[in-house]
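Overview (structure and organization)
The residues making up each chain are set out below.
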Amino acid sequence: MKFLFIAIFSISIFAQNLIKPIPQSIEFNKSKAELGKILFFDANLSNDGEVSCASCHRLDKCGADDKAISKGSHGAMGEYNAPSVYNLAFFINYNWIGDAQSIEEQMVKPITSKFEFNSSFEHIIQYISQNEELKKRFLENYSKIDRDTILKALAEYIKSLITPNSRFDKFLRGDEDAITTDEKLGYKIFIKHGCISCHNGVNIGANMLQKFGVFKSRENIEGRFEHTKQESDIGVFRVPSLRNISQTAPYFHDGKVATLKESIEMMADYQLGIELSDEEVELISKFLKSLDAKVINE
Amino acid sequence: MNRTLKYSISALVVIFVIFFFNIHKNSNRITQSFLDSALIQKIDKLNTELNREIIYIKHSTFTNYDNLMLLIKSIKEHLDILKRQNPDLYDCKYMEDVKTMFEQKFTMIDVVRRENSILKNSMQFMPHIVQKIYKNIDSKEILLVIEALRFELKYFIQSQDRAFLSKIEQMLSILESNDKNLNSHFKSFKLHYQNILKNMPIQAKNIKKLQSINIENSLNRVLTLIKEGRDLMIDKNKKFELLSLTFVILMSLVIFIISRKEEKYHKSYIASLKKDSLTDDFNRASFIKDIENIKDIERYMILSFDINKFKFINDRYGASKADELLIYLSTALAELFSYKIYRVSSNLFNIIIPQSAKLHNVKSDIKTIVNSADIDFDLSISLYHLNRRDNYSTIHNNIQATLYSAKLQKSNKIVTYSESDKNILYYENLSKNSTIERNNLVKAIEQRRFIIFFQPIYDIKSKVTFKYEVLARLKEGDKILPPFKFIQIAEEFNLIGEITRLIIDQAFLKASQNPKVEFAINLSGKDLEDDSLIDYINEKSKELKVINSNITLEITETEAISDLKESLDFINKLKKSGFKFAIDDFGVGESSLRYLKELPVDYIKIDGSFIKNLENSKSDREFVKLINEVIKLYGKKSTAEFVENQAILDILEELNIDFAQGYFIGKPDSELLA
């Protein structure tokens, strides 16, 4: 009983701060963001001229892809699911294995990876320099066209893609009626069972690394080991954000789980070592749906 | 003086700039060090906040990690700022410690966070599963075991004593049931229980390790380092400031003193420009200026006093006595006349006086002055009435002419300038003529009207002619003028060098066309002072491919010995290139024989005055014989000039003279006649 008491006590103290709402607005340079948007939708940046950023980070699919693995240039396919590009401004770590610390840094991989653009900055600089309209726009915003400014322009656009004012954020801001009783219950379970221990902060995730598979292990996944080559990093991933999670199926780094329910059950089983009742899964699922919101800058 | 001032000011400026630069540099460093300190303090503050977040991780069940991660990001950014702001500090030993420790800390935070989630979740879940078990069983024994296990876990967590573990294992093994549902609860309980058992010590150790990373100390050490450096620089700057202040004051003082001296010097210099330093009379410059400034020039006249034979006085009584005379005369004139006295040259005094001035008594007064002097001297005195068109030059010339006339008349008489004065007229024509001759000569040089003639030199022993003396001639209209018509004027007006060059040009051309013939070219005494002539001769000979040993350069004995050192220099330099030298007109100088030894010449030409009467004068014969023996004694060859008949030539042969030239041998001609 003492444990329970302590647990409830601590929740009541810290629960308020465990998740924070997304700010209503974010500062960004409109002109540079517009340039970044043009680049985001421009398939000429990729090797075969068929794939743009937007091909996999589909804005109609909440900035993610509905396929487990997206097709890159010349139809190449890698091993990671395309995550949402929304709310990246509030991320701490980027990429599935958390090997990038900023939006700009994160974008190097999709541009150069043979599974994605299979392109190079030389190619992109050349393309922009030869396109009069684009070149003009570019030089209006930056003194020169190089790797640095290309990344900056793209990052400026991505920075602008935020989804504030979800019903849950309204609830956090004090509107008790913004979410239903079920959703409130779901949130309580989310905390009580410890989901919150990894999924916290503005993005309900995306601020720490964790091993995928604590009580049960998944075989054959390198995870962060790919980046650090440290044994302790085998199977370790960046905890993903749960913002707009109901809109970004399929799930996990390899996109192998199709539904939100399955994902919730799997997480409880693998990470928490507990078995959730159907009702609990349903309630958590409802809570997660209250995190959905629309992009403000379109 | 002026230079000292310049150097002083330059030194002041340079040293001031150095000081200023150093102070400025140090000031920048000091400012920089404050910025560095602020940055390190900021990092320290961020680190303290990070420590607070770590305490949250340890003590709270769940934490929002956003803040923690933003702190880490901020620390990294601040370290980057330091790297840009002060790379040296960023790479210093203490900062290396700080960076390493931060790296460790960040890594440990990630590890602790991972473990914390897993551990806290199990602990969180524990009461939940116990509740479920309670709901499903009545067995008091099992309940007691579970209660016991929970207390054991509590003790274990508090004490970290592994002695509890064996007992715990035993108790856990009791938790088995045939009820499938209950068994799954047991299983879950055991899973989380063991998870806590396994991870709690690890987590405790990790947290301890994390908290033992003491970055504060290292940051403090960096701060101390910065402060020590700063104190040192502040101290240094104080010293610099004091030094530079002292220096500036000192140098200003020096400059002040120098400029004061300079000012005084300048004033006296200006005065000296107007006045003569010896007699304190006004000088020639003042005279010219005053003449120019006179308005009604016709109303004035100039009285001039020239000490006769002043050079002789100088030589006889010495310079200081002569100076005394000048001062005496100047003082006497100043007493006599109430006008400015101008000393326009060494022994010429001018006075500008109005036409109206009475000069009746001047003559007797002058007599008194002359008679009461220590030294015997007399004066030439001229009076010149100024005309409207006069300028300094005409005034000067007319005064000179009048003084010339005065010198020819009785001493101490005042001669007035008059165009009808015979002597004045003569003097004026004389100076006018030489000016005309000079202009003619300049024109002749410009028009290259100098040509050369050749007079054969006969080898008495082998009875052949293979050498010619080159003689200069000036073409003027139809006439061809011999050297004595132009050489003296050319030497006076310094034109001889150009004429010599024109002669050399033509002689060398002839020599290059006749490589088997030798030529003797005459040089003037002035030529020996002209170093550039040596280069000219060498270059010209190279240009025209002249065989230098075919060329003999002739100089007169008088000229050669007038500045022996210079002549030797000139001769030796050209002898090095292979040219030969001859002494012309030998025998007329006073101490000829001595110079035979000293001058490194090849030929000696015995003056014609000893030769032309050779057949009639026994003493000339004896003299030539003697001279020739001496010439031979010094290993030189002899030439006789003015050989005008066969009898002379026979005697020369008998006397063993080497060469002969003269009208009998051959007259000068524009061609090489043998």
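Note: the structure precedes this text.
If you're wondering where the values come from, they're calculated on a predicted model, not measured in any experiment. (Residues numbered from 1 in each chain as written. Chains lettered and ligands numbered in written order. Predicted model: local features only at pLDDT ≥ 70, side-chain atom pairs only at ≥ 80, totals over all residues. Heavy atoms only, no water.)

**Considerations on a nonpolar patch on the surface**
Residues and elements named next belong to chain B. Threshold: Patches in this entry comprise residues that are over 30% relatively accessible and not in a salt bridge; like charges within 9 Å are linked, as are nonpolar side chains (Val, Leu, Ile, Met, Phe, Trp, Tyr) within 5 Å. Calculation of accessible area relied on Shrake-Rupley with a 1.4 Å probe; when residues are assessed, cover is drawn exclusively from the protein chains displayed. Salt bridge, as applied in this entry: a Lys or Arg side-chain nitrogen positioned within 4 Å of an Asp or Glu carboxyl oxygen. What counts as a helix is a DSSP run of H or I of at least four residues, what counts as a strand is a run of E of at least two, and both are numbered from the N terminus. The classification of residues rests on relative accessible area computed with a 1.4 Å probe and restricted to protein chains. Under 20% of the type maximum is buried, over 50% is exposed, and intermediate values are partly exposed.
A contiguous nonpolar patch, built from Ile9, Val13 and Val17 and spanning about 230 Å² of accessible area, is present on the exposed surface. Note that Val17 resides in helix α1 (residues 2-59). Owing to a relative accessible area of 47%, Val17 belongs among the partly exposed residues under this scheme.

**Quick word on the side chain of Asn308 of chain B**
All names here are of chain B. Our working rule: Definition of a polar contact: a pair of N or O atoms within 3.5 Å, with one able to donate and the other able to accept a hydrogen when the atoms are protein atoms, and with sequence-neighbouring residues admitted only if both atoms are side-chain atoms. The contact definition used throughout considers only heavy atoms, calling two residues in contact when any of these lie within 4.5 Å.
For Asn308, the location among the structural elements is in the loop between β2 (300-307) and α10 (310-317). A distance of 2.5 Å separates polar atoms of two side chains, one belonging to Asn308 and the other to Ser380. In contact with Asn308, other than residues within four places in its own chain, are Ile313, Asp378, Leu379, Ser380, Lys407 and Ser411.

**With respect to the pairing of strand β7 (residues 450-459) of chain B**
Residues and elements named next belong to chain B. Quick note on the threshold: By this definition, two strands are paired if DSSP reports at least two bridges between them.
The buried fraction of β7 is high, at nine of 10 residues. In this structure, β7 lies alongside strand β8 (residues 464-476), joined through 10 bridges in antiparallel fashion. Counted as the bridge partner of Phe453 is Leu471 from β8.

**Focus on the packing of aromatic side chains**
Basically, it comes down to this: Each Phe, Tyr or Trp ring, with Trp reduced to its six-membered ring, pairs with another whose centre is within 6.5 Å; inter-plane angles below 30 degrees give stacked pairs, above 60 give edge-to-face pairs, and intermediate values give tilted ones. Comment: the charge-over-ring label is applied if NZ (Lys) or CZ (Arg) is within 6 Å of the ring centre and within 35 degrees of the ring normal.
Per the stated rule, a full pass over the model turns up 27 aromatic pairs over all chains. Ring geometry for Phe19 of chain B against Phe240 of chain B: centres 5.8 Å apart, planes inclined by 70°, an arrangement best described as edge-to-face. Of this pair, Phe19 of chain B sits in helix α1 while Phe240 of chain B sits in helix α8 (residues 215-274), placing them 221 residues apart in sequence. By relative accessible area, which is 17% here, Phe240 of chain B ends up buried. Through a chain of ring-to-ring contacts, the aromatic side chains of Phe168, Phe171, Tyr187, Phe190 and Phe287 of chain A assemble into a single cluster. Of note, Arg113 of chain B hangs over the ring of Tyr65 of chain B, and the distance from its end group to the ring centre comes to 4.6 Å. The ring of Phe659 of chain B has Lys467 of chain B lying over it, and the distance from NZ or CZ to the ring centre is 6.0 Å.

**A short note on the state of the cysteines**
Rule in force here: Disulfides are defined as cysteine sulfur pairs within 2.5 Å.
Scanning the entire structure with this criterion turns up zero disulfides over all chains. In this model Cys195 of chain A remains outside any disulfide bridge; the closest cysteine sulfur is found in Cys198 of chain A, 9.1 Å from its own.

**Here's the deal with the packing of helix α5 (residues 121-130) of chain A against helix α7 (residues 147-160) of chain A**
Residues and elements named next belong to chain A. To keep it simple, the criterion reads: Angles here are taken between N-to-C directions and fall from 0 to 180 degrees, while the axes themselves are lines fitted to C-alpha atoms, restricted in helices to the stretch in contact. For this classification, under 35 degrees means roughly parallel, over 145 means roughly antiparallel, 65 to 115 means roughly perpendicular, and everything else is oblique.
Contact pair α5 / α7: the axes reach a minimum separation of 10 Å and the direction vectors enclose 80°. Judged by the inter-axis angle, α5 sits roughly perpendicular to α7. For the pair α5 and α7, the contacting residues are Phe121, Ile124, Ile125 and Ile128 in the first and Arg147, Ile150 and Leu151 in the second.

Read these as geometric descriptors, not functional statements.
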